[in-house]
Amino acid sequence: LGDVYKRQTVHRVLTVLSYSIMKPPAILNHLPDLCLIGCIGLVLASMYLYPAATLFPPVIRGVGWIVGIIGGSMVILTLWQLRKRHTSTNPVDAPSCLLTDGVFAISRNPLYVGYVVIVLGCALGSASYLALIFPVLCFGVLQTVIIPLEEAMLLKQFGTTYQSYQRTAAVSYT
């Protein structure tokens, strides 16, 4: 009985240690939101710090508002669908199910598409050509840091089902 207890204890400790070593840092849970908020802040800063870069005609500002509203709608719809299915909205948490319908039939990453579209709308709304850098920055951070992490987790959790979804998703963000 003592040996069995020791083996079980060692197994539990090793499991906890391997999980804590392999688990991505918690900041990655917040990185997409920080990227969105930070890029919007940079758009606003560029608009006020470099007013000479404001060159777009006023109609573009209106288009920017419309684009931003479309992006916000994508985010709300995606979060609604994730919550409706009781799965995680955090990039480093394991999802409880694989979503392939609704907005996920259009893109494997509709939340991040919405984030980039929001930042693009803000950039257009600012009427500053300098602000157009920030949707590209947002896209780059999501594309190189967050999406590969999520895709690896989904592939590990759902295997061939996820691979099939990768091939059939109408539009892929990656």
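Being a predicted model, the structure only gives us computed values, none of them experimental.

Draft legend 1. The nonpolar core, seen in detail. Core analysis: the biggest nonpolar cluster contains 20 residues, and Tyr112, Tyr115, Val119, Cys138 and Leu142 have the highest contact counts within it. Elements with a minimum of two residues in this core: α2 (27–49), α4 (110–126) and α5 (133–168). A per-element tally of this core places α4 first, with seven residues. One finds Leu82, Leu98, Val103 and Tyr165 within the second-largest nonpolar core, a separate group that totals ten residues.

Draft legend 2. Quick look at the side chain of glutamate 151. By secondary structure assignment, the location of glutamate 151 is in helix α5. On the basis of relative accessible area, glutamate 151 is assigned to the buried category, the value being 12%. Side-chain polar atoms of glutamate 151 contact the side chain of arginine 108, separated by 2.9 Å. A distance of 3.0 Å separates a polar atom in the side chain of glutamate 151 from a polar atom in the side chain of glutamine 166.

Draft legend 3. Focus on the packing of aromatic side chains. Enumeration over the complete set of coordinates arrives at two aromatic pairs. Seen from their ring centres, tyrosine 162 and tyrosine 165 are 5.9 Å apart, and the 55° between their planes marks the pair as tilted. Here tyrosine 162 and its partner tyrosine 165 are both found in helix α5, three residues apart, which amounts to about one turn of the helix. There is no split in this pair, since tyrosine 162 and tyrosine 165 are both buried.

Draft legend 4. Fine view of the packing of α4 against α5. It is at 9 Å that the axes of α4 and α5 come closest, and there the two elements cross at 170°. One way to sum up the angle between α4 and α5 is to call them roughly antiparallel. Residues Tyr112, Tyr115, Val116, Val119, Leu120 and Ala123 of α4 form the contact with α5, whose own contacting residues are Phe134, Pro135, Cys138, Phe139, Leu142, Ile146, Ile147 and Glu150. Each residue belonging to the contact of α4 with α5 can be placed in one class, and the counts come to 13 nonpolar, no polar and one charged.

Rules of the game
- Numbers given for residues are sequential positions, taken from 1 along each chain in its written order.
- Two thresholds apply to this predicted model, a pLDDT of at least 70 for residue-level local features and 80 or more for giving and counting side-chain atom pairs, whereas whole-chain, interface and lining totals are computed over all residues.
- Where side-chain values are given, they derive from all heavy atoms of the structure, hydrogens and water being excluded.
- The nonpolar core is taken to be a set of buried Ala, Val, Leu, Ile, Met, Phe, Trp, Tyr and Cys residues, with the residues joined through side-chain atoms within 4.5 Å.
- Residue burial is assigned from relative accessible area. The probe radius is 1.4 Å, only protein chains are included, and a residue is buried under 20% of its type maximum, exposed over 50%, and partly exposed in between.
- Numbering goes from the N terminus for both helices and strands, where a helix is a DSSP run of H or I of at least four residues and a strand is a run of E of at least two.
- Distance and chemistry together define a polar contact, namely a pair of N or O atoms within 3.5 Å, with one atom able to donate a hydrogen and the other to accept it when in protein, and with adjacent residues in sequence counting only for side-chain atoms on both sides.
- Paired rings are identified among Phe, Tyr and Trp, the last through its six-membered ring, by centres lying within 6.5 Å, and are further divided according to the angle between planes into stacked (under 30 degrees), edge-to-face (over 60) and tilted (the rest).
- All axes here are fitted lines through C-alpha atoms, helices being fitted over the stretch that makes contact, and every angle between N-to-C directions spans 0 to 180 degrees.
- With respect to orientation, any angle under 35 degrees is reported as roughly parallel, any angle over 145 as roughly antiparallel, any angle of 65 to 115 as roughly perpendicular, and every other angle as oblique.
- By definition in these notes, contact holds between two residues if any of their heavy atoms fall within 4.5 Å.
- Charged residues are taken to be Asp, Glu, Lys and Arg, nonpolar residues to be Ala, Val, Leu, Ile, Met, Phe, Trp, Tyr, Cys and Pro, and polar residues to be all remaining types, Gly included.

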